[in-house]
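# Understanding the architecture of this molecule
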Amino acid sequence: MKYKNLFKPMKIGNVEIKNRYFMAPMGGTGQCGPQGEFSEKAIEYYVERAKGGVGAIFTGVTFSDTKIDPIPAGKNVNANVSPTKFMETATPMCERIHAHGAKVFIQISLGTGRNGLQSSPSELPYTFNPAVTCRALTKEEIKLKIEQEAAAALTAKQAGFDGVELHAIHEGYLLDQFAMEFMNRRTDEYGGSLRNRLRIATESIAAIKEKCGADYPVTVRLGMKTYIKGFNQASLDGSGEVGRTLEEGMEICKILEEAGVDAISVDAGVYDSFYWVHPPMYQPKGLNMEAGAAAKKACTIPVIVAGRMEEAEMAEEALEKGWPTELQSAGR
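Attention here is on the structure that accompanies the text. (Residues numbered from 1 in each chain as written. Predicted model: local features only at pLDDT ≥ 70, side-chain atom pairs only at ≥ 80, totals over all residues. Heavy atoms only, no water.)

Take the overall build of the protein chain next. Check the secondary structure of the protein chain and you find ten helices and 14 strands. A globule of 332 residues ought to have a C-alpha radius of gyration of about 20 Å, and the protein chain, at 19 Å, matches this closely. Each principal axis of the C-alpha atoms in the protein chain carries an extent, and together these give about 55 × 50 × 35 Å. Pairs at least 24 apart in sequence give 70% of the contacts found in the protein chain among residues at least 6 apart. Accessible area for the protein chain stands at about 13400 Å²; split by element, carbon and sulfur atoms hold 53% of it. Separation between the mean location of the 38 positive side-chain charges and that of the 42 negative ones in the protein chain comes to 2 Å. (Helix = DSSP H or I, 4+ residues; strand = E, 2+ residues; numbered from the N terminus. Rg over C-alpha atoms; globule rule 2.2 N^0.38 Å. Contact = heavy atoms within 4.5 Å. Areas by Shrake-Rupley, 256 points an atom, 1.4 Å probe, with all protein chains shown as cover. Lys, Arg positive; Asp, Glu negative; His and termini not counted. Charge placed at Lys NZ, Arg CZ, Asp CG, Glu CD.)

Pasting the structure below:
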């Protein structure tokens, strides 16, 4: 009973989760087979996490685009390369995870944008070599990416996944680039106002719900603040922000909830501020507590927080207090 809140059941949409311990999505090598299916290594890894007692597992990023920015077969999990082969591995994986009482959500991406030398909302410098420019997506290509993601979500649902996480308005990936005025210079309906910059995300949510049903849970990974002063220029303390402020992150939470999102998974930072999105040991524990408190204040749906949250006492206290405003000094 020392951690009564951590072991209290909760719901994301209509899916009941046995506790508040979530495995955050993490990338890694060797997770896929030659046709974009889950490898035996990945399956065993996720099943072991379920055996350990975690309430919900979010898989490492999987892709859906095979037409605009295709990733070579065997590089990453992709439900659209061979849906049949994908289901041959995903279905038994989901069944084995469920056998241990855990739920499993699949994280699906529209693309990496400038982080992976793919097409982007505007012409943008490649993250790892600013001398190289990533081209801008056309409106027709945006629609096709959304269609492919919805198709992958339906395949995932049929395979037994309990929900989908939209990847991601975080870490500076494609949807994050669209959402930031600093990186989105479009003059069509996918640029300009914040709602326009989020249009690709909200249309993706609508497409997934249309394919999979309105009650099929959809979550979004959201970086509440970016901590950047410019391309490849980080800000450890958040000063000189040109990307996303915490206040804008709160507005995004409201828009996502309006769009039908069932939960928001919060972190902070982008590739340009790597020590926020992948915090090293010198970052304080619970460094995204402020972001979690702000998100919780902005919306009524569940808020999941990542970022050095491994201490049970700290997590229990946060749940006990309901992400109060007095936690806003954390992470400074």
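As a further point, take helix H2 (residues 83-99). Compared with the 24 Å implied by 1.5 Å per residue over 17 residues, the 24 Å span of H2 between its first and last C-alpha is a close match. Turning to H2, its buried residues are Phe86, Thr89, Ala90, Met93, Cys94 and Ile97. Elements that come into contact with the buried residues of H2 comprise helix H1 (40-51), strand E4 (56-58), strand E6 (103-109) and helix H3 (139-159). Within two residues after H2, Gly101 carries a phi angle of roughly 85 degrees, on the positive side. (Expected span 1.5 Å × (residues − 1). Buried < 20%, exposed > 50% of the residue type's maximum accessible area, 1.4 Å probe, protein only.)

Quick look at the packing of aromatic side chains now. Under the criterion given, the structure shown has 13 aromatic pairs. Following the ring pairs from residue to residue traces out a cluster consisting of Tyr126, Phe128, Tyr173, Tyr271 and Phe274. It is Arg49 that lies over the ring of Tyr45; its NZ or CZ is 4.5 Å from the centre. Positioned above the aromatic ring of Tyr227, the side-chain terminus of Lys225 is 5.1 Å from the ring centre. (Phe/Tyr/Trp six-rings, centres within 6.5 Å; stacked < 30°, edge-to-face > 60°. Lys NZ or Arg CZ within 6 Å of the ring centre and 35° of its normal.)

Attention now moves to the pairing of strand E10 (residues 218-223). In terms of burial, E10 is a largely internal element, six of the six residues being buried. Every second residue of E10 is oriented toward a common face, with Val218, Val220 and Leu222 on one face and Thr219, Arg221 and Gly223 on the other, all of them buried. Relative to E10, strand E9 (residues 163-169) runs parallel, the two sharing four bridges. Within E10, the position partnered with Leu166 by the bridge is Val220. (Pairing = 2+ DSSP bridges.)

Mapped onto the elements of the fold, Tyr190 is located in the loop between helix H4 (174-179) and helix H5 (194-197). C-alpha separation for the pair Tyr190 and Val242, spaced 52 residues apart in sequence, amounts to 19 Å. Among the polar contacts made by the side chain of Tyr190, one reaches the side chain of Lys143 at a distance of 2.9 Å. (Polar contact = N/O pair within 3.5 Å; in protein donor to acceptor, adjacent residues only side chain to side chain.)

Along E9, seven of the seven residues are buried, which leaves the element largely enclosed by surrounding structure. Bridge analysis of E6 against E9 gives five bridges, and the strand direction is parallel. Note on E9: the bridge partner recorded for Ile106 is Val164.

The next point concerns helix H10 (residues 312-321). Buried residues of H10: Ala312, Met314, Ala315, Glu316 and Ala318, and no others. Where H10 is buried, its residues touch helix H9 (289-298). Phi for Gly322, located one or two positions after H10, is positive at around 70 degrees.

A separate point is the environment of Ile68. Inspection of the secondary structure assignment puts Ile68 in the loop between strand E5 (62-63) and H2. Along the primary structure Ile68 and Ala306 are separated by 238 residues, whereas in three dimensions their C-alpha atoms are 31 Å apart. Beyond its immediate stretch of four places on either side in the chain, Ile68 contacts Ser119, Arg135, Leu137, Glu141, Leu144 and Lys145.

Cis peptide bonds are those with omega within 30 degrees of zero, and the linkage from His167 to Ala168 qualifies with -15 degrees. Here Ala168 is to be found in strand E9. The phi dihedral of Tyr227 is positive, around 60 degrees, even though this residue is not glycine. Topologically, Tyr227 is positioned in the loop between E10 and strand E11 (228-230). Assessed through its relative accessible area of 5%, Tyr227 is described here as buried. At Arg308, a position not held by glycine, the phi torsion is positive, near 55 degrees. The topology assignment puts Arg308 in the loop between strand E14 (303-305) and H10.

Take the packing of H1 against H2 next. Viewed as axis vectors pointing N to C, H1 and H2 meet at an angle of 15 degrees, and their least axial separation amounts to 9 Å. It follows from the interaxial angle that H1 and H2 lie roughly parallel. The two elements H1 and H2 cross, and the hand of that crossing is right-handed. Here H1 contributes Glu40, Ile43, Glu44, Tyr46, Val47 and Ala50 to the contact with H2, which in turn contributes Thr89, Met93, Arg96 and Ile97. Along the lines of polarity and charge, the residues of the contact of H1 with H2 split into six nonpolar, one polar and three charged. (Axes fitted to C-alpha atoms, helices over the stretch in contact; angles between N-to-C directions. Parallel < 35°, antiparallel > 145°, perpendicular 65-115°, else oblique. Left-handed = near helix turned anticlockwise from the far one by under 90°. Nonpolar A, V, L, I, M, F, W, Y, C, P; charged D, E, K, R; others polar.)

Read these as layout, nothing more, since geometry by itself doesn't imply function.
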